[in-house]
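Chain by chain, the residues:
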Amino acid sequence: MKQGGGYPNKRNKNVSKVYFDSGNDQAFVSRDREGWGEMSVFKDLWWFFRMEKRAYAIGILVLLVLALTHLIFPYAVRVVIDQIAAGTLQMSDLVFWSVGLLAVAVFEYGLGVIWRLQLFGAANRLGRLLRDRLYRHYTKMSPAFYHRRRTGDLMAHATNDIQAVVGTAGDGVLTLVDSIISGGVVILTMVWFIDWRLTLVALIPMPFMAWATGKYGGMIHRRFMLAQEAFSRLNDKVQENISGVRVIKAFGQERAEQEEFERILDDVVRKNVAVAKVDALFDPTIQIVVGSSFFLAVAYGSFLVAGRELSLGELTQFTILLGQLIWPMLAFGWLFNIVERGRASHERIRNLLSVEPDITDREDASEVPASGDIEVRIRSFTYPGVEQPALRDIFTGIKRGQTLGIVGKTGSGKTTLLRLLLREFDVTDGEIRIGGKPVTGYQLEALRRSIGYVPQDHVLFSTTVGENIAFGKPDATREEIEEAARIACVHDDILNFEKGYDTVVGERGVTLSGGQKQRISIARAVLLDPEILVLDDALSAVDGRTEHAILTRLRENRKGKTTLIAAHRLSAVEHADLIVVLDEGRIVASGTHAELMETSPWYREMVEKQQLESLVLEGGGGVGPETSPPVS
Ligand code: ADP
């Protein structure tokens, strides 16, 4: 990107590149802080420059040396031309300069590699550092944090914003140093060694170039971002239509979708043309400025030559130097854009990093994994930002090794109760105790190591089935994995896949049914053989028989260990030692299955209704524990 001199045409392609690369439209939302104030980002990044002081010192030093070596060529031309004009040029001089210039070119080549490695290397290390910091920060955040922020925004911070800061630490430093050092050296040479009046005249159009670069650069960038947005809308639309193609066809909406697609397509074209328009203005503008600068130099220079105040060689040297000034001027214009984007992005990253995690370890928190009886004493719990409590007066508990069933309508608070046990949120009034100690008394890691959690919305990663099961225990043997899969009644399904346990799951692999996904999630938790197993409506997508088989195997394999089962279908909790019925965040009944059949009309009604439902669904084969044949 850096170029010693010459015509700027080739670099104009790069102009666009710089603007597009560190894409960040919000940086342009407010331009009132534009100007030298933006340079504060260099101060903000000072800690990094100090950390990488060797790389930056070498990089800047090399740039300085290069700025000086660039002066050799124009000087050589001047000497040779003057010798030609005076008729004193010797063959030996010509050989000297040719060999010398070749040596300089090789030297500059080497230095060019060095500064790039130093400056861009350091900038990329900053990228690594910030990405790592941000990722760690993300992993510390609670679900409440992710609830408040859009995934797209968080991704944008991790990509665009970091890229913009990296741009400041690399391109920003380069353009700053280059415009000041290279530009300064060239101008000083012109003034001191050639003619200060000629310098003054030739430079008249140059500030306009820096201004134009800054101005057009900003415009190109903003329009480019709009074009990008339109393009991603187009992408989203295509994706949505491909995945929803069955619905579109079923509802006969092809035509409407086609029209909508064309509308978005037109928008993309319009916005790209808008970019091209400014881009098209950019080249001629630079050319006109450079052209007038050369015109002034040659016109006034010839006048000086005619008056014998300047030699022909000096004038030639001057015009070459003028060519070398184009890059620093462009760089100066870019500098403000790069730095402006970097500052805004850096500020956003800093704000994000300063968000404290809501769930943290208490100082005296225990490292010992949680185990023992579970006591729930929640007077009330309200989700952050909501007025109505999600849970109220939940007083219950079970002994270690027992099973607790939690049932109730959708929205009654079952998941909320389990999330409080996992400390995804902290109870606002009251506490949950495990082994006599509140959950806040355990280190988060110790607490979660004791709990195997199967959430309602199962998550499978794009890797093999085996690795998905071994997610929480990567060093598990194949036998352990298969055993867990057998308990979860998914082993046979897996063997039927083309590559068995090595079958890849997800977009690029096999498509699993909802029930298979649920059972793989269960196997994942079972593999950990956790002290407390939590199934949050984790059997909803499997049929009654499979549910029964899984529960039977769990009971056999989890003797002495605690299990919590939240379920919509009551057959899932039939064998629980205690069942609590939730309604609108309160316990409305509790007891064993037999007791609730007696005391809770809702429970009895639901059991009967659901039994009838499954009889109908399963062709009257019966779903009760007594009648189900074992499923392998
Ligand atoms: P269930 O698991 O029984 O279907 P939940 O525990 O998911 O019920 O929900 C209980 C109540 O809490 C519902 O009214 C739900 O709208 C509310 N709720 C759940 N999650 C949140 C949240 N993150 N923020 C605010 N309210 C929530």
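Right, let's talk about the overall build of the chain for a bit. Helices and strands together make up the secondary structure of the chain, namely 22 helices and ten strands. Along the first, second and third principal axes, the C-alpha set of the chain runs to 120 × 65 × 50 Å. A buried classification covers 47% of the 632 residues belonging to the chain. Residue pairs at least 24 apart in sequence account for 79% of intrachain contacts in the chain once pairs closer than 6 positions are excluded. When the accessible surface of the chain is split by element, carbon and sulfur atoms take 57% of a total near 31,900 Å². Charged side chains of the chain number 72 positive and 77 negative; the gap between the two group centres comes to 5 Å.

Below, the discussion takes up a nonpolar patch on the surface. Residues L188, V191, W192, F193, W196 and L200 make up a contiguous nonpolar surface patch of about 730 Å² in total accessible area. Only α8 (151-194) and α9 (196-202) provide two or more residues apiece to the nonpolar patch. Broken down by element, the residue count for the nonpolar patch peaks at four residues, all from α8. Along the chain, W192 turns up in helix α8.

Below, the discussion takes up the sheet that holds strand β9 (residues 578-583). An order of β6-β7-β8-β3-β9-β10 is seen for the six strands of this open sheet, with the pairing classed as mixed. Of all the strands in the sheet, the pair left with one neighbour each is β6 (451-454) and β10 (586-591). Averaged over all neighbouring strand pairs, the angle between strand axes comes to 15 degrees, with direction disregarded. Two elements, strand β3 (residues 403-408) and strand β8 (residues 562-567), share five bridges in a ladder whose sense is parallel. When the sheet's bridge partners are listed, T403 is paired in β8 with T563. Each of β3, β6, β7 (532-536), β8 and β9 is contacted by helix α14 (residues 414-421), which is oriented at about 150 degrees to β7, the strand it contacts most.

Aromatic ring pairs are defined here through the distance separating the ring centres and the angle between the ring planes. The full count for this structure, using the stated rule, is 20 aromatic pairs. Judged by centre distance (6.0 Å) and plane angle (70 degrees), the rings of Y216 and F282 are edge-to-face. Highlighted residues: Y216 in helix α10 (residues 206-243) and F282 in helix α12 (residues 254-306), separated in sequence by 66 residues. Just as Y216 is buried, F282 falls in that class too. Their ring planes at 90 degrees and their centres at 5.6 Å tell us that F332 and F336 sit as a pair that is edge-to-face. On the criterion of helical spacing, the pair formed by F332 and F336 is a turn pair, its members being four residues apart in helix α13 (residues 312-353). A relative accessible area of 17% places F336 in the buried class. Grouped by ring-pair contacts, the aromatic residues F42, W46, W47, F48, F49 and Y56 constitute a single cluster. One residue, R133, lies across the ring of W47, its end atom 5.0 Å from the ring centre.

A word on a positive patch on the surface. Judged by side-chain charge, K215, R222, R223 and K277 come together as a positively charged surface patch. The greatest single-element share of the positive patch, amounting to three residues, is contributed by α10. Looking at where K215 falls in the secondary structure, it is placed in helix α10. The partly exposed category is assigned to K215, whose relative accessible area is 42%.

Across the six residues of β8, six count as buried, placing the element largely inside the fold. Of the two faces of β8, both are covered, the one formed by T562, L564 and A566 as well as the one formed by T563, I565 and A567. Where the polypeptide runs from β7 across helix α20 (residues 544-557) and back to β8, its parallel neighbour, the crossover connection is right-handed.

Rules used throughout
Residues numbered from 1 in each chain as written. Predicted model: local features only at pLDDT ≥ 70, side-chain atom pairs only at ≥ 80, totals over all residues. Heavy atoms only, no water. Helix = DSSP H or I, 4+ residues; strand = E, 2+ residues; numbered from the N terminus. Buried < 20%, exposed > 50% of the residue type's maximum accessible area, 1.4 Å probe, protein only. Contact = heavy atoms within 4.5 Å. Areas by Shrake-Rupley, 256 points an atom, 1.4 Å probe, with all protein chains shown as cover. Lys, Arg positive; Asp, Glu negative; His and termini not counted. Charge placed at Lys NZ, Arg CZ, Asp CG, Glu CD. Patch = residues over 30% accessible without salt bridge, like charges linked within 9 Å, V, L, I, M, F, W, Y side chains within 5 Å. Salt bridge = Lys/Arg side-chain N within 4 Å of Asp/Glu carboxyl O. Pairing = 2+ DSSP bridges. Axes fitted to C-alpha atoms, helices over the stretch in contact; angles between N-to-C directions. Phe/Tyr/Trp six-rings, centres within 6.5 Å; stacked < 30°, edge-to-face > 60°. Lys NZ or Arg CZ within 6 Å of the ring centre and 35° of its normal. Right-handed = clockwise from strand over helix to strand, strands pointing away.

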